[in-house]
Amino acid sequence: MNIVVVGADGRMGRMLVAEIAATEGCRLSGATDREGSPAIGQDPGVLAGIGETGLKIIEDPAPVIAQADAVIDFTSPAATVNHARLCAQAGAALVAGTTGMSHSDEEALYLAARHIPVVYAANYSVGITLLTNLVQKAAATLGDDYDIEVLEMHHRHKVDAPSGTALALGKAAARGRKVNHDAVKQAVRDGHTGARPKGEIGYATLRGGDVVGEHDVIFAAEGERLILGHKASARRVFAAGAVRAALWTKGKHPGVYDMNDVLGLKDHEAEVITEAERHG
């Protein structure tokens, strides 16, 4: 499978380049980065620390996407929207891990998915995928006598908050309770907030240092707390999951998928992405 990495000089981009080189059944066929990036013209393999690949990082993604079987994208919302359009035109599958996407940005992925398979997940870790399922089951079992708080910490350079993974975990809890996530979400507390409303799903965000990603979902009731959590110590787990997802798209029908599909965990009786989540 010919795979293109967009944003090849970013933290995830370099890791993806290395992971593709180490994975049987695929090859890096192209690499791009943002306009004006100092990486333009350089070999992506050299930047990733794996040696020369014979490729050069370019600005314009269109030529390499046109020749790709799949594109892996951990860039920015505006760039991902453009890449989705190019993938749909070229017939290349898209694996999108960009966070901070608005509802209108996500709609661009759904439009592209009319023509190509799109895997869209906030986190490509196998552990996080399992955690999301556990959170949904716990929320369904425990009910709203248990307050839910999602605590996350990332490195100082992360630009969106709460993290996409934290939001995915909160949405999983909302699905378990069969409520509209946006109606119960509370991401900001400051000043005299009053008592915590029953049924609220709260978020707490920490930033600092070089933390790759830590997430805890706390179910707190009178007399006990249940804490489900995940800690990532290396970005390779995300890169490995994304490459696995890209290989999985081979032969798949157009549509929007997630890591539950890739890992064979999807509960087909449950609506994983609801209209309420898509449109607020």
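The shown structure was predicted, so the numbers you read here are calculated from the model rather than taken from an experiment. (Residues numbered from 1 in each chain as written. Predicted model: local features only at pLDDT ≥ 70, side-chain atom pairs only at ≥ 80, totals over all residues. Heavy atoms only, no water.)

K.L.:
Got a minute to help me understand the overall build of the protein in this structure?
P.N.:
Secondary structure assignment for the protein yields eleven helices and eleven strands. By the compact-globule yardstick of 19 Å for 280 residues, the protein fits well, its C-alpha radius of gyration being 19 Å. Residues counted as buried form 49% of the 280 residues belonging to the protein. In the protein, once contacts between residues fewer than 6 apart in sequence are set aside, the share between residues at least 24 apart is 68%. As displayed, the protein has an accessible area near 13400 Å², and 50% of this comes from carbon and sulfur atoms. (Helix = DSSP H or I, 4+ residues; strand = E, 2+ residues; numbered from the N terminus. Rg over C-alpha atoms; globule rule 2.2 N^0.38 Å. Buried < 20%, exposed > 50% of the residue type's maximum accessible area, 1.4 Å probe, protein only. Contact = heavy atoms within 4.5 Å. Areas by Shrake-Rupley, 256 points an atom, 1.4 Å probe, with all protein chains shown as cover.)

K.L.:
Hey, could you run me through the layout of surface pockets in this one?
P.N.:
A water-sized probe, rolled over the atoms, reveals where empty space remains. What the largest pocket holds in volume is close to 1100 Å³. Taken together, 42 residues form the lining of the largest pocket, with Met 12, Phe 74, Thr 75, Ser 76 and Thr 99 sitting closest to its centre. The greatest single-element share of the lining of the largest pocket, amounting to four residues, is contributed by helix 4 (residues 77-90). Considering only residue class, the lining of the largest pocket consists of twelve nonpolar, 21 polar and nine charged. (1 Å grid on protein atoms, 1.4 Å probe; cavity = no way out; pocket = protein on both sides within 12 Å on 5 of 7 lines; lining within 4 Å. Points joined across faces, edges and corners; volume = space filled by probe spheres on them. Nonpolar A, V, L, I, M, F, W, Y, C, P; charged D, E, K, R; others polar.)

K.L.:
Even after reading the chapter, I still don't get the pairing of strand 3 (residues 70-73), so can you show me in this structure?
P.N.:
On a regular strand, each side chain points to the face opposite its neighbour's, so the side chains alternate between the two faces of the sheet. Residues Ala 70 and Ile 72 point to one face of strand 3 and Val 71 and Asp 73 to the other, with burial holding for every one of them. After leaving strand 3, the chain enters helix 4 and then returns to the sheet as strand 4 (residues 93-96), a path that is right-handed. (Right-handed = clockwise from strand over helix to strand, strands pointing away.)

K.L.:
Could you clarify how one ought to interpret helix 1 (residues 11-22) in this entry?
P.N.:
Helical geometry note: an α-helix holds 3.6 residues per turn, so side chains three or four residues apart project in the same direction. Taking 1.5 Å of rise per residue, the twelve residues of helix 1 would be expected to cover 16 Å, and the 17 Å separating its terminal C-alpha atoms lies within 8% of that figure. Taken together, the buried positions of helix 1 are occupied by Met 12, Gly 13, Leu 16, Val 17, Ala 18, Glu 19 and Ile 20. Turning to helix 1, the residues buried within the fold contact strand 1 (2-6), strand 2 (27-32), helix 2 (44-48), strand 3 and helix 9 (236-248). (Expected span 1.5 Å × (residues − 1).)

K.L.:
Sorry if this is basic, but what is going on with the sheet that holds strand 1 here?
P.N.:
Pairing between the strands of a sheet comes from backbone hydrogen bonds, and it takes one of two forms, parallel or antiparallel. Spatial ordering of the open sheet is given by 2-1-3-4-5-11, a layout of six strands whose pairing is parallel. This sheet does not close on itself; its edge strands, each paired only once, are strand 2 and strand 11 (255-257). Along the sheet, successive strands turn relative to each other by an average axial angle of 20°, direction set aside. Of the strand pairs in this sheet, strand 3 and strand 4 are connected by four bridges, and their pairing is parallel. Its bridge partner lying in strand 4, Val 71 is registered against Leu 94. Helix-sheet contacts for helix 1 involve strand 1, strand 2 and strand 3, and the interaxial angle to strand 1 is about 165°. (Pairing = 2+ DSSP bridges. Axes fitted to C-alpha atoms, helices over the stretch in contact; angles between N-to-C directions.)

K.L.:
Can you help me understand the nonpolar core in this one?
P.N.:
A general feature of soluble globular proteins is that nonpolar side chains tend to end up buried together. Counting residues in each nonpolar core, the largest one holds 35 residues, and the members touching the most others are Leu 16, Ile 72, Val 95, Val 119 and Tyr 124. Here this core takes seven residues from helix 9, the largest share from any one element. (Core = buried A, V, L, I, M, F, W, Y, C linked by side-chain atoms within 4.5 Å.)

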